Structure formats: structure tokens, C-alpha cells
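# Architecture at a glance
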Amino acid sequence: MLFRSDKSQIEAAARNLVRRFGEDASHQADIRIAELEQHGEADSLEFWHFVRDAVQCLLRGHGSTKH
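Every value quoted in this text rests on a predicted model; they were computed, and no experiment measured them. (Residues numbered from 1 in each chain as written. Predicted model: local features only at pLDDT ≥ 70, side-chain atom pairs only at ≥ 80, totals over all residues. Heavy atoms only, no water.)

### As for the overall build of the protein
Within the protein, the secondary structure is distributed over 3 helices and 0 strands. For the protein, the proportion of its 67 residues judged to be buried stands at 27%. Across the protein, contacts joining residues at least 24 apart in sequence account for 52% of those joining residues at least 6 apart. Per element, the accessible surface of the protein, about 4,600 Å² overall, is 48% carbon and sulfur. (Helix = DSSP H or I, 4+ residues; strand = E, 2+ residues; numbered from the N terminus. Buried < 20%, exposed > 50% of the residue type's maximum accessible area, 1.4 Å probe, protein only. Contact = heavy atoms within 4.5 Å. Areas by Shrake-Rupley, 256 points an atom, 1.4 Å probe, with all protein chains shown as cover.)

### A few points about the packing of helix H2 (residues 25-38) against helix H3 (residues 42-59)
Where H2 contacts H3, the axes come no closer than 9 Å and their chain directions differ by 170°. In terms of orientation, H2 lies roughly antiparallel with respect to H3. The segment H2 lies against H3, with Ala 25, Ser 26, Ala 29, Asp 30, Arg 32, Ile 33, Leu 36 and Glu 37 engaging Ser 44, Leu 45, Trp 48, His 49, Arg 52, Val 55, Gln 56 and Leu 59. (Axes fitted to C-alpha atoms, helices over the stretch in contact; angles between N-to-C directions. Parallel < 35°, antiparallel > 145°, perpendicular 65-115°, else oblique.)

### Topic: the pattern of salt bridges
Tallying each qualifying case throughout the model produces 2 salt bridges. Note that Arg 52 is salt-bridged to Asp 30, the shortest N-O span being 2.7 Å. Of this pair, Arg 52 sits in helix H3 while Asp 30 is found in helix H2, placing the two residues 22 residues apart along the sequence. Classification of Asp 30 by relative accessible area gives partly exposed; the value is 32%. (Salt bridge = Lys/Arg side-chain N within 4 Å of Asp/Glu carboxyl O.)

### Considerations on the nonpolar core
Formed by 14 residues in total, the largest nonpolar core has its most connected members in Ala 14, Leu 17, Trp 48, Val 51 and Val 55. Those elements that provide at least two residues to this core are helix H1 (4-21), H2 and H3. Here this core gets 6 residues from one element, more than from any other, and that element is H3. Setting aside residues no more than four positions away along its own chain, Val 55 makes contact with Ala 14, Leu 17, Val 18, Ala 25 and Ser 26. (Core = buried A, V, L, I, M, F, W, Y, C linked by side-chain atoms within 4.5 Å.)

### Comments concerning H2
Over its 14 residues, H2 runs 20 Å from end to end, which matches the ideal 20 Å to within 8%, given 1.5 Å per residue. For H2, every residue scored as buried is listed here: Ala 25, Ser 26, Gln 28, Ala 29, Ile 33 and Leu 36. Looking straight down H2, one finds that the buried residues subtend no more than 160° of arc, so they occupy a single side. (Expected span 1.5 Å × (residues − 1). Arc of directions from axis to C-beta.)

Note that all results are geometric; they support no functional claim without further evidence.
Structure representation (C-alpha cells):
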């Protein structure tokens, strides 16, 4: 279950990735996800999966990243 603060952090992380990497933002999120999988970081993995979804929404031009 995501809390409101989690959603804010996810949205902020997604916007930051898009600002920094533009169209490559989803790929950057995938890199982080792969690194976390290698290190067995299950808690962080869920967060980054949500970030990647939010990035994809932003890149498709949907201003809202609400889940």
C-alpha cells in the first residue's frame, strides 16, 4: 500500500528523471531496477517500479502520474 508521501516521492523522482534524462528516463529507471534486483533490495524495487510507471506517464504527455 502506498501512502500519500510515497506518491509524492514517486512523482518527484519521476519528474527528476525526465528533467535529467528526457526520453531516456525510462531506461534510467530500468537500470536502477536491475541494480536493485541484483542486490536483493525488494523494498526499493517496488518504489522504482512505480517511478518507472510514472516516468512513462509523463513521457506520454499525461501530466498526472496518479495511480
